[in-house]
Amino acid sequence: MSKPQRTYNYYAFYYWELYWLLPLYRKLGGTLISGNRDTRELAKKLGFKISEKQDADVLIVAFMYTPEHNALLKATKSKRVILQHCWDNENNTLTDDWHGVDMHAFDLYCVAGEYDYKIMSEKFGADKIACTGMPRFDDLLTIQKSKGKPIFAELQIRDYNLVAAPSPGSHSNDLLMDYFFTLPKQMENLLFKVHPAKHTHLVSVVLNAYATEFPNVIFIGDKVEDPLWTYKLIKEAKSVVSPYSFMAIEAHMMGKDVIMRGDVLPETDQGTVGRRFSRAAEPDYLYDGKNTDRVIRAIGKL
């Protein structure tokens, strides 16, 4: 007699978590749970089936930032899997408790590369760690290789330098805002893309702040219904300015020049992204179009 087919739940609270889960969902199927109405509505548009309760064999999350994440992890009887694109002491993700989440709660930690595999194995035990790469990087590779129509006409700018602008509430926000306000005085053809915000309505706050000061700079938010929007922007950019966002790594993986703040270099206290960047330059992150399949095989061994 064949084994019954496994069932899968995914949990996302913020809209951008959906992007990290979507490649896996497309192959495994299952249902999405979310306590955020806007995220549920976007998930439906992206093709997710929605569930009101967690009752699957496996629960998959991409982040663990909210009390909602923690409550679900504590209540579930499912096998718990996390896809986290980077792990750093500086982000407290290697502590025993992060944002109220018991970091020992997972049955499987899928990591992006060998460095993360090493530090996670030392912390949680190698039997729980799988060096799979992130499924979303398969999408990144697809965009890098694509021959699709450029998005210049839509953006109304050519040969732009893409800037990952801080969203309200982001860490070191005041310092970053001061930094970004100097850029239009030093660089031309700047396209400011607001870093994914915890709440989409906050994006307009940042855009209005910049637009008042620099009317000749182009500002855009997230095109939330297009999971590949950021990658399309990176593909067409001359360079990417990203002092703290993971977009610096993604841009480097696509072969773009990346401009960073001096105080995020690896030897400094604010060096989290700098350390990630140095790992990507080796390269360290798996980037061969096979990450989704590796994650599926790792889950299959639970």
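What you are looking at is a predicted structure, and each value in this text was computed from that prediction instead of being measured. Here the residue index of a chain counts from 1 through its sequence in written order. This being a predicted model, a pLDDT of at least 70 is required before a residue's local features are given, and a value of 80 or more before pairs of side-chain atoms are given or counted; all residues contribute to the totals for chains, interfaces and linings. Excluding hydrogens and water, the side-chain values take into account all heavy atoms of the structure.

Trainee: Would you mind showing me how to read the sheet that holds strand β11 (residues 218-220) here?
Mentor: Strands pair in a sheet through their backbones, by hydrogen bonds, and they do so in one of two ways: parallel or antiparallel. At least two bridges found by DSSP between two strands are what make those strands a pair. Secondary structure counts use DSSP, requiring at least four H or I residues in a row for a helix and at least two E residues in a row for a strand, with both numbered from the N terminus. Taken in spatial order, the 5 strands make up an open sheet running β11-β10-β9-β12-β13, and their pairing is parallel. Looking at strand neighbours, the two that pair on one side only are β11 and β13 (257-259), the edges of this open sheet. On average, each strand axis in the sheet is tilted by 25° relative to the strand beside it, whichever way the strands run. Where strand β12 (residues 239-241) meets β13, 3 bridges bridge the pair, whose relative direction is parallel. Bridging across to β13, valine 240 finds its partner in valine 258. With respect to the sheet, helix α9 (residues 229-236) is in contact with β9 (161-165), β10 (190-194), β11 and β12, its orientation differing from that of β10 by roughly 160°. To get an axis, fit a line to the C-alpha atoms, keeping to the stretch in contact for a helix; angles then go from 0 to 180 degrees between the N-to-C directions. When checking whether two residues touch, look at their non-hydrogen atoms; a contact exists if any pair is within 4.5 Å.

Trainee: Just checking my understanding: could you explain the pattern of salt bridges for this structure?
Mentor: Pairs can form between side chains of opposite charge once their charged atoms are near each other. Every case where a carboxyl oxygen of Asp or Glu lies within 4 Å of a side-chain nitrogen of Lys or Arg is listed as a salt bridge. With the rule as written, the count across this model stands at 7 salt bridges. Residue glutamate 225 is joined to lysine 45 by a salt bridge in which the shortest nitrogen-to-oxygen separation is 3.1 Å. Residue glutamate 225 is found in the loop between β11 and α9, and its partner lysine 45 is found in helix α2 (residues 37-46); the two are separated by 180 residues along the sequence. Taking the relative accessible area as the measure of exposure, glutamate 225 reaches 48% and is therefore partly exposed. Two residues, arginine 80 and aspartate 107, come together in a salt bridge whose shortest N-O distance is 4.0 Å. With arginine 80 in strand β4 (residues 79-83) and aspartate 107 in the loop between β6 (101-102) and β7 (108-111), this residue pair connects regions lying 27 residues apart in the sequence. A relative accessible area of 25% means that aspartate 107 is categorised as partly exposed. When a residue's accessible area, from a 1.4 Å probe over protein chains only, is under 20% of the maximum for its type it is buried; when over 50% it is exposed; and in between it is partly exposed.

Trainee: I'm lost on the packing of helix α5 (residues 135-145) against α9 in this one. Help?
Mentor: When two helices pack together, their arrangement is given by the angle between their axes and by how far apart the axes lie. It is at 10 Å that the axes of α5 and α9 come closest, and there the two elements cross at 40°. Judged by the angle between their axes, α5 and α9 are oblique. Once α5 is placed against α9, the crossing between them reads as right-handed. Between α5 and α9, the residues in contact are Arg136, Phe137, Asp139, Leu140, Ile143 and Gln144 and Tyr231, Lys232 and Lys235, respectively. Considering only residue class, the contact of α5 with α9 consists of 4 nonpolar, 1 polar and 4 charged. Note on terminology: angles under 35 degrees are roughly parallel, angles over 145 are roughly antiparallel, angles of 65 to 115 are roughly perpendicular, and the others are oblique. Less than a right angle of anticlockwise turn of the near helix away from the far helix marks a crossing as left-handed, whereas a clockwise turn marks it as right-handed. Polarity classes work like this: nonpolar for Ala, Val, Leu, Ile, Met, Phe, Trp, Tyr, Cys and Pro, charged for Asp, Glu, Lys and Arg, and polar for all others, with Gly in that last group.

Trainee: What is the right way to read the packing of α5 against helix α12 (residues 291-300) from this model?
Mentor: Close contact between α5 and α12 brings their axes to 7 Å; oriented N to C, the two are set at 165°. The orientation of α5 relative to α12 falls into the category roughly antiparallel. Our pair here, α5 against α12, has a crossing hand that is left-handed. Where α5 approaches α12, its residues Pro135, Phe137 and Asp138 are matched on the opposing element by Asn291, Thr292 and Val295.

Trainee: Please clarify how the packing of aromatic side chains should be interpreted in this entry.
Mentor: The description of an aromatic ring pair uses the distance of the two centres, along with the angle that the planes make with each other. Whether two aromatic rings pair depends on their centres lying within 6.5 Å, for rings of Phe, Tyr and Trp, where Trp uses its six-membered ring; planes under 30 degrees apart make the pair stacked, over 60 edge-to-face, and the rest tilted. Considering all chains together, one arrives at 15 aromatic pairs under this definition. Look at phenylalanine 246 and tyrosine 285: their rings are 5.9 Å apart centre to centre, the planes differ by 80°, and that puts the pair in the edge-to-face class. Placement of phenylalanine 246 in the loop between β12 and α10 (247-253) and of tyrosine 285 in the loop between α11 (272-280) and α12 is noted, with a sequence separation of 39 residues between them. Of the residues examined, phenylalanine 246 reaches a relative accessible area of 7% and is grouped as buried. Taken together, the ring pairs in this structure connect Phe13, Tyr14, Trp16, Trp20, Phe63, Phe137, Phe246 and Tyr285 into an aromatic cluster. Across the ring face of tryptophan 20, the terminal group of arginine 136 is positioned such that the distance to the ring centre comes to 5.7 Å. Only when the NZ atom of a Lys or the CZ atom of an Arg is both within 6 Å of the ring centre and within 35 degrees of the ring normal do we say a charge sits over the ring. The ring of tryptophan 229 has lysine 223 sitting right over it, with the charged end atom 4.2 Å from the ring centre.

Trainee: Whenever I open this one, the pairing of strand β1 (residues 8-11) confuses me. Can you help?
Mentor: Consecutive side chains along a regular strand alternate between the two faces of the sheet. Here β1 shows two buried faces, one formed by Tyr8 and Tyr10 and the other by Asn9 and Tyr11. As paired elements, β1 and strand β3 (residues 58-61) share 4 bridges and run parallel to each other. When the sheet's bridge partners are listed, tyrosine 8 is paired in β3 with valine 58. Where β1 meets strand β2 (residues 31-33), 3 bridges bridge the pair, whose relative direction is parallel. Counted as the bridge partner of asparagine 9 is threonine 31 from β2. By convention, orient the strands away from the viewer: a clockwise path from the first strand over the helix to the second makes the crossover right-handed. Taken together, β1, helix α1 (residues 17-28) and β2 form a β-α-β motif whose crossover is right-handed.

Trainee: Even after reading the chapter, I still don't get the environment of serine 34, so can you show me in this structure?
Mentor: Tracing the sequence through the fold places serine 34 in the loop between β2 and α2. Through-space distance from the C-alpha of serine 34 to that of phenylalanine 13 is 5.5 Å; in sequence the pair is 21 residues apart. Those residues within four positions of serine 34 in sequence are excluded, and the remaining contacts are Tyr11, Ala12, Phe13, Thr39 and Arg40. Among the polar contacts made by the side chain of serine 34, one reaches the main-chain carbonyl oxygen of alanine 12 at a distance of 2.6 Å. Polar contact is defined as a pair of N or O atoms within 3.5 Å, subject to the rule that within protein one atom must be able to donate a hydrogen and the other to accept it, and that residues adjacent in sequence are counted only when both atoms are side-chain atoms.

Trainee: Can you walk me through the sheet that holds β4 in this structure?
Mentor: The strand order across the open sheet built from 6 strands is β2-β1-β3-β4-β7-β8, with neighbouring strands paired in parallel fashion. Here the strands that pair on one side only, and so sit at the sheet edges, are β2 and β8 (129-131). Neighbouring strand axes in the sheet, compared pairwise and without regard to direction, differ in orientation by 25° on average. The strands touched by α12 are β1, β3, β4, β7 and β8; relative to β7, the strand with the most contacts, the crossing angle is about 165°.

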